[in-house]
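# Descriptive analysis of the structure
So you can see what is in the structure, the chains are spelled out below.
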Amino acid sequence: MEEAENAVREIGTAALDAVQGLDSATLEGSLPFVAGVLILLVVVKLLSLPFKLVWNGIIGAAALWLVNLVGAAVGFGLKITVVKALIAGVFGVPGLIAVLCWEIFM
């Protein structure tokens, strides 16, 4: 137990020394912080893109399902595919209209 406490103290002391060595008032002291924040932003953006694409695809499929539900009353059916769901999800209402026009006129 005593060894663990000593190890924690050494790590804490080393961390304090490292932080005190940085002068945030100068450009050299701020550069690592700014670089770290920029790298973090890029990583978060890259990781959130697939989740947003999946979410938009789900929303697009739900919109196409609603169109099928309403279209069943008038005899219109639409095959829902991944591509059509992504088009409707990413582009919203204009994408949904484009998919419908494609199905009707092609």
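Residues numbered from 1 in each chain as written. Predicted model: local features only at pLDDT ≥ 70, side-chain atom pairs only at ≥ 80, totals over all residues. Heavy atoms only, no water.

### A word on the overall build of the protein chain
Inclusion rule: Working definition: helices are DSSP H or I runs of at least four residues, strands are E runs of at least two. Numbering for both runs from the N terminus. Each residue is placed in one exposure class: buried if its accessible area under a 1.4 Å probe, protein chains only, is under 20% of its type's maximum, exposed if it is over 50%, and partly exposed if it falls in between. We call two residues in contact whenever any of their non-hydrogen atoms come within 4.5 Å of each other. Here, Shrake-Rupley sampling with a 1.4 Å probe gives the accessible areas, and only protein chains in the shown set may cover a residue.
When you go through the protein chain residue by residue, the secondary structure sums to three helices and zero strands. Along its sequence from the N terminus, the protein chain presents helices and strands in the succession α-α-α. Burial status across the protein chain gives 16% buried among its 106 residues. For the protein chain, restricting intrachain contacts to residue pairs at least 6 apart in sequence, the fraction spanning at least 24 positions comes to 48%. In the structure as shown, the protein chain presents an accessible area of about 8,500 Å², 76% of it carried by carbon and sulfur atoms.

### Comments concerning the nonpolar core
The test is simple: Buried residues of nine kinds, namely Ala, Val, Leu, Ile, Met, Phe, Trp, Tyr and Cys, make up a nonpolar core once their side-chain atoms join them within 4.5 Å.
In this structure, Leu64, Val67, Leu78, Ala88, Leu96, Val99 and Leu100 together form the largest nonpolar core, which totals seven residues. Sorting the residues of this core by element identifies helix 2 (27–71) and helix 3 (82–105) as the ones contributing at least two each. Residues contacting leucine 96, with those up to four places away along its chain left out, are Ala63, Leu64, Val67 and Ala88.

### Some details on helix 3
Residues lying three or four places apart along an α-helix face the same way, a consequence of the helix completing one turn every 3.6 residues. Keep this limit in mind: A helix's residues, less one, multiplied by 1.5 Å, set its expected span. Fitting one axis to the seven residues ending at a residue and another to the seven starting there, the bend at that residue is the angle between the two axes.
When the terminal C-alpha atoms of helix 3 are compared, their 20 Å separation across 24 residues is substantially less than the 34 Å that a helix rising 1.5 Å per residue should span. In the structure, helix 3 departs most strongly from a straight axis at glycine 92, where the bend amounts to approximately 145° and where the proline proline 94 lies between one and four residues downstream. All of the buried residues in helix 3 are Lys84, Ala85, Ala88, Gly89, Gly95, Leu96, Val99 and Leu100.

### Observations concerning the confidence of the model for the protein chain
Predicted coordinates in regions of low pLDDT should not be interpreted in detail. In plain terms, the rule: The score called pLDDT rates the predictor's confidence residue by residue, from a low of 0 to a high of 100.
Within the protein chain, residue pLDDT values average 77, and 73% of them lie at 70 or more. Within the protein chain, helix 3 carries the highest mean pLDDT (87), whereas helix 1 (residues 2–21) carries the lowest (61).

### Here's the deal with the side chain of lysine 84
Within the element layout of this structure, lysine 84 appears in helix 3. What makes lysine 84 buried here is its relative accessible area of 15%. Other than its neighbours up to four places away in sequence, lysine 84 contacts Leu64, Leu78, Lys79, Val99 and Glu103.

### Here we look at a nonpolar patch on the surface
Let me state the cut-off plainly: Here the term patch refers to residues with relative accessible area over 30% and no salt bridge, with like charges joined within 9 Å and nonpolar side chains (Val, Leu, Ile, Met, Phe, Trp, Tyr) within 5 Å. A side-chain nitrogen of Lys or Arg and a carboxyl oxygen of Asp or Glu constitute a salt bridge if their distance falls within 4 Å.
The grouping of Phe33, Val34, Val37, Leu38 and Leu41 at the surface amounts to a nonpolar patch, some 480 Å² of accessible area in total. Residue classification places valine 37 among the partly exposed positions, given a relative accessible area of 36%.

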